[in-house]
Amino acid sequence: MVSQKQLIELVAETMGAPVETVTVIDRYLAEAGFRTRALRGRGSTPMTYQDAANMIIATAWDANPKDAVSIVKAYRGLPPNRVAETAHIAKDALGSTFGEALANMLESVPKDRISFSSHEDAPGHLSLRVKMFGPEPRATITLVKVGRANTFEFGPTAPGATDLRRTVEFSQITVGFVGEAIAEDL
């Protein structure tokens, strides 16, 4: 079982954020109900894939920890709007929201660990890229299987009228390590 403390340390390590910052983010998320509440006493509460997805969303944006809750609220509920490269895959094939899709990827990437860690020329190779855009929330999850990409888009189809653009990106490395730590104990 991955404890709250272990999840914080793993997210901090894989995303290159200070443990202290992720600890504060975690506290804000717990207070807002975006992370499973820890049990009292000596028992530790197992963290879920959704807990990890929320923590990754808040940490990836590298904002002030006080903004963690608003960031998670803005991004986790983004609805899918299309799959960019094909019409043959349902837009909600990964999940009905960005937060759910990320939680589902946290669960599924460790199951295909060999494919995700193989060389890009290897048969069955898989790769994953997650991008979050702002200041108007949008996100994409690009899943590449044997050189063929499927980009799942979440939120509005086009950026708004503002000129400022910000993008954060992470890969199957974060998703795999965090998902694998949770999977080992379920």
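Residues numbered from 1 in each chain as written. Predicted model: local features only at pLDDT ≥ 70, side-chain atom pairs only at ≥ 80, totals over all residues. Heavy atoms only, no water.

Details of the overall build of the protein chain
To keep things clear, this is the line we draw: Each helix is a run of DSSP H or I of at least 4 residues and each strand a run of E of at least 2, with the numbering of both proceeding from the N terminus. Note on exposure labels: buried denotes an accessible area under 20% of the residue type's maximum, exposed denotes more than 50%, and partly exposed covers the range between, all computed with a 1.4 Å probe on protein chains only.
Within the protein chain one finds 7 helices and 5 strands. Reading the protein chain from its N end, one meets helices and strands in the order α-α-α-α-β-α-α-β-β-β-β-α. Along the longest, intermediate and shortest principal axes, the C-alpha atoms of the protein chain span 50 × 40 × 25 Å. Evaluated residue by residue, the protein chain yields a buried proportion of 45% over its 186 residues.

Observations concerning the packing of aromatic side chains
Spelled out, the test is: Only Phe, Tyr and Trp rings are paired, with Trp represented by its six-membered ring, and only when their centres lie within 6.5 Å; those with planes under 30 degrees apart are stacked, over 60 edge-to-face, the remainder tilted. Any Lys NZ or Arg CZ found within 6 Å of a ring centre and within 35 degrees of that ring's normal is scored as a charge over the ring.
In the structure shown here, the tally under the stated rule is 2 aromatic pairs. Seen in terms of ring centroids, Trp61 and Tyr75 are 5.5 Å apart; in terms of plane orientation they differ by 40°. Their pairing is tilted. On the criterion of sequence distance, the pair formed by Trp61 in the loop between helix H3 (49–60) and helix H4 (68–76) and Tyr75 in helix H4 is long-range, its members being 14 residues apart. Comparing Trp61 with Tyr75 shows no difference in burial state: the two are buried. One Lys or Arg, Arg138, reaches over the ring of Phe133 and ends 4.6 Å from the middle of that ring.

Details of the confidence of the model for the protein chain
Formally: pLDDT is a residue-level measure of predictor confidence that goes from 0 to 100.
Looking at the protein chain, the pLDDT average stands at 89 and 95% of residues meet or exceed 70. The least confident element of the protein chain is helix H6 (residues 113–117), whose mean pLDDT is 87; the most confident is H4, at 97.

Details of the nonpolar core
As a reminder of what qualifies: Only buried residues count toward a nonpolar core, which is a set of Ala, Val, Leu, Ile, Met, Phe, Trp, Tyr and Cys residues joined through side-chain atoms within 4.5 Å.
Counting 51 residues, the largest nonpolar core has Leu29, Phe98, Met132 and Val178 as the members making the most contacts within it. With 8 residues, the top contributor of residues to this core is H3.

Side note on the pattern of salt bridges
Spelled out, the test is: A carboxyl oxygen of Asp or Glu within 4 Å of a side-chain nitrogen of Lys or Arg is what we treat as a salt bridge.
All told, the structure shown has 4 salt bridges when counted by the stated rule. The residue Arg82 makes a salt bridge to Glu153 at a minimum N-O spacing of 2.8 Å. One end of the pair, Arg82, is in strand S1 (residues 80–83); the other, Glu153, is in strand S4 (residues 148–154), with 71 residues separating them in the sequence. Using a relative accessible area of 40% as the deciding quantity, one classes Arg82 as partly exposed. In this structure, the salt-bridge partner of Glu180 is Arg113, at a minimum N-O distance of 3.2 Å.

Regarding H4
Let me state the cut-off plainly: Arc, as used here, means the arc of the directions from the helix axis to the C-beta atoms. Only heavy atoms enter the contact rule, under which two residues are in contact if any of them lie within 4.5 Å.
Of all the residues in H4, the buried ones are Ala68, Val69, Ile71, Val72 and Tyr75. Down the axis of H4, the buried set is contained in an arc of 160°. They therefore lie on one face. Contacts made by the buried residues of H4 are with helix H2 (19–31), H3, helix H5 (98–108), strand S2 (126–134) and strand S3 (138–145).

Considerations on the side chain of Glu153
Heads up, the rule is: Nitrogen and oxygen atoms within 3.5 Å of one another constitute a polar contact, given that in protein one can donate a hydrogen and the other can accept it, and given that sequence-neighbouring residues count only through two side-chain atoms.
Given a relative accessible area of 15%, Glu153 falls into the buried group. Reaching out from Glu153, the side chain makes a polar contact with the side chain of Arg82 at a distance of 2.8 Å. Setting aside residues no more than four positions away along its own chain, Glu153 makes contact with Pro79, Pro80, Asn81, Arg82, Ala84, Ala139 and Thr140.

So, empty space enclosed by the protein
How we decide: Only protein atoms enter the calculation, which uses a 1 Å grid: trapped sets of points that fit a 1.4 Å probe without letting it out are cavities, open sets showing protein on both sides within 12 Å along at least five of seven lines are pockets, and any residue with an atom within 4 Å of a point is a lining residue. Grid points are joined across faces, edges and corners, and a volume is the space filled by probe spheres set on the points.
Scanning the model with the defined rule gives 2 cavities of 30 Å³ or more in all. What the second largest cavity holds in volume is close to 30 Å³. Every residue lining the second largest cavity is listed: Asn81, Arg138, Ala139, Thr140, Glu153, Phe154, Pro156 and Thr157. When residues of the lining of the second largest cavity are traced back to their parent elements, those giving at least two are S3 and S4. Tallying contributions element by element places S3 first for the lining of the second largest cavity, with 3 residues.

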